[in-house]
Amino acid sequence: MSNQETQTANVDPLELDKFSQVAHRWWDTESEFKPLHEINPLRLSFIQKHCELQGAKVLDVGCGGGILSEGLAKAGADVTGIDLAKKSIKVAKLHALDQGLTIDYQVVAVETLAEQAPASFDVVTCLEMLEHVPNPESVVRACANLVKPGGMVFFSTLNRNAKAYLLAVVGAEYVLRMLPRGTHEYARFIKPSELGRMARTAGLNLQEMTGLSYQPLTRQYQLGSDTDVNYLMAMRRMQ
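Below is a short write-up of the structure. Bear in mind the structure is a predicted one, so any value in this text is a computation, not a measurement.

Here's the deal with the overall build of the protein chain
Next, step 1: Tallying secondary structure elements over the protein chain gives nine helices and eight strands in all.
Next, step 2: Taking all 239 residues of the protein chain together, 52% fall into the buried category.
Next, step 3: Sequence-distant contacts in the protein chain: of pairs separated by 6 or more residues, those separated by 24 or more amount to 71%.
Next, step 4: Accessible surface for the protein chain amounts to roughly 11,400 Å². Of this, 50% is attributable to carbon and sulfur atoms.

Structure representation (structure tokens):
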């Protein structure tokens, strides 16, 4: 992708730079990416609950260093991972090579790929990414265009309310120091009602929403009914 394309893409240069600076730590399970490693089995189980990954053509949007992409590939999927952070993609490619996994990693905007290859994937995942872009609705629309009719699209993001601010920003970044300060911008958090509206407008039907919560005493994450902070949505594209 050229510099001009990057400038016009749906991306915040500061967010891109932030992830580029720490790209070398994507696979350090004790780094700021530790939470992503810990929740990955839960994310995969939620996806597998709704679709068969063996042999499925899957697109991982905002793949970063490939944590979810590798999990999808190990489950038997034919995976394409896209991200605009070139350093993250480089790390993802090297790690997949080291693991003996074949994953098609590309530096491309999801909107661009939607124009190039509409209705090309059985499954599209876009997890922990919507809260980092200027126009999340554009991403949702592109994901809907990329999946085949009847296919599944999965989103996860952060709810926008006082509890989410206290736990995801103040708690995680300042008190527990699970994440670097400035990881999240509260104004970009998305209420489930807002994401639901974006998805319906794009032609997606909600199949299930579940919450993802952290238990400080056990230091473990779990899926459940609490959608106040983190939540996942499983969507199906209308025929």
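Now that the structure has been shown, the text picks up again.
As for the sheet that holds strand E6 (residues 204-215)
Next, step 1: On the basis of which strands lie adjacent, the open sheet formed by eight strands has the order E3-E2-E1-E4-E5-E8-E6-E7 and mixed pairing. At either end of the open sheet lies a strand with only one pairing partner, and these are strand E3 (104-106) and strand E7 (220-224). Adjacent strand axes in the sheet meet at a mean angle of 20° when their direction is disregarded.
Next, step 2: Here E6 pairs with E7 via five bridges, running antiparallel.

Remarks on the packing of helix H3 (residues 34-50) against helix H4 (residues 67-74)
Next, step 1: Relative to each other, H3 and H4 sit at 45°, their axes nearing to 10 Å. Judged by the angle between their axes, H3 and H4 are oblique. The handedness of the crossing between H3 and H4 comes out as right-handed. Together, Leu36, His37, Asn40, Arg43, Leu44 and Ile47 of H3 and Ile67, Leu68, Gly71 and Leu72 of H4 make up the contact between the two elements.
Next, step 2: Of the residues contributing to the contact of H3 with H4, the split by class is six nonpolar, three polar and one charged.

A few points about the pattern of salt bridges
Next, step 1: Evaluated as defined, the whole model comprises 10 salt bridges.
Next, step 2: Linking Glu137 and Arg197 is a salt bridge whose minimum nitrogen-to-oxygen distance equals 3.6 Å. In this pair, Glu137 sits in helix H7 (residues 136-146) while Arg197 sits in helix H9 (residues 192-201), placing the two residues 60 residues apart along the sequence.
Next, step 3: For the salt bridge of Arg160 with Glu194, the shortest nitrogen-to-oxygen distance reads 2.7 Å. With a gap of 34 residues between them, Arg160 in the loop between strand E5 (147-158) and helix H8 (162-175) and Glu194 in helix H9 connect regions that are remote in the sequence.
Next, step 4: The exposure class of Arg160 is partly exposed, given its relative accessible area of 21%.
Next, step 5: Taken together, the shared-partner salt bridges in this structure form one network comprising Lys163, Asp226 and Asp228.

A few points about the nonpolar core
Next, step 1: Core analysis: the biggest nonpolar cluster contains 35 residues, and Ile47, Leu53, Leu72 and Phe154 have the highest contact counts within it.
Next, step 2: When residues of this core are traced back to their parent elements, those giving at least two are H3, H4, helix H5 (86-99), strand E4 (121-127), E5 and strand E8 (230-237).
Next, step 3: When residues in this core are grouped by element, the largest group, five residues, is from H3.
Next, step 4: When residues no more than four places from it in sequence are discounted, the contact partners of Phe154 are Phe46, Ile47, His50, Cys51, Val123, Val124, Thr125, Cys126, Leu127, Met233 and Ala234.
Next, step 5: Core analysis: the next-biggest nonpolar cluster, separate from the first, contains 30 residues, Leu59, Val133, Leu146 and Tyr231 among them.

Some points on the packing of H7 against H9
Next, step 1: Contact geometry for H7 and H9: axes closest at 9 Å, N-to-C directions at 45°. The angle between H7 and H9 places the two elements in the oblique class. Read as a crossing pair, H7 and H9 show a hand that is right-handed. Between H7, through Pro136, Glu137 and Val140, and H9, the contact on the second element is made entirely by Leu195, Arg197, Met198, Ala199 and Thr201.
Next, step 2: Residues belonging to the contact of H7 with H9 are distributed by class as follows: five nonpolar, one polar and two charged.

Rules used in this analysis
Residues numbered from 1 in each chain as written. Predicted model: local features only at pLDDT ≥ 70, side-chain atom pairs only at ≥ 80, totals over all residues. Heavy atoms only, no water. Helix = DSSP H or I, 4+ residues; strand = E, 2+ residues; numbered from the N terminus. Buried < 20%, exposed > 50% of the residue type's maximum accessible area, 1.4 Å probe, protein only. Contact = heavy atoms within 4.5 Å. Areas by Shrake-Rupley, 256 points an atom, 1.4 Å probe, with all protein chains shown as cover. Pairing = 2+ DSSP bridges. Axes fitted to C-alpha atoms, helices over the stretch in contact; angles between N-to-C directions. Parallel < 35°, antiparallel > 145°, perpendicular 65-115°, else oblique. Left-handed = near helix turned anticlockwise from the far one by under 90°. Nonpolar A, V, L, I, M, F, W, Y, C, P; charged D, E, K, R; others polar. Salt bridge = Lys/Arg side-chain N within 4 Å of Asp/Glu carboxyl O. Core = buried A, V, L, I, M, F, W, Y, C linked by side-chain atoms within 4.5 Å.

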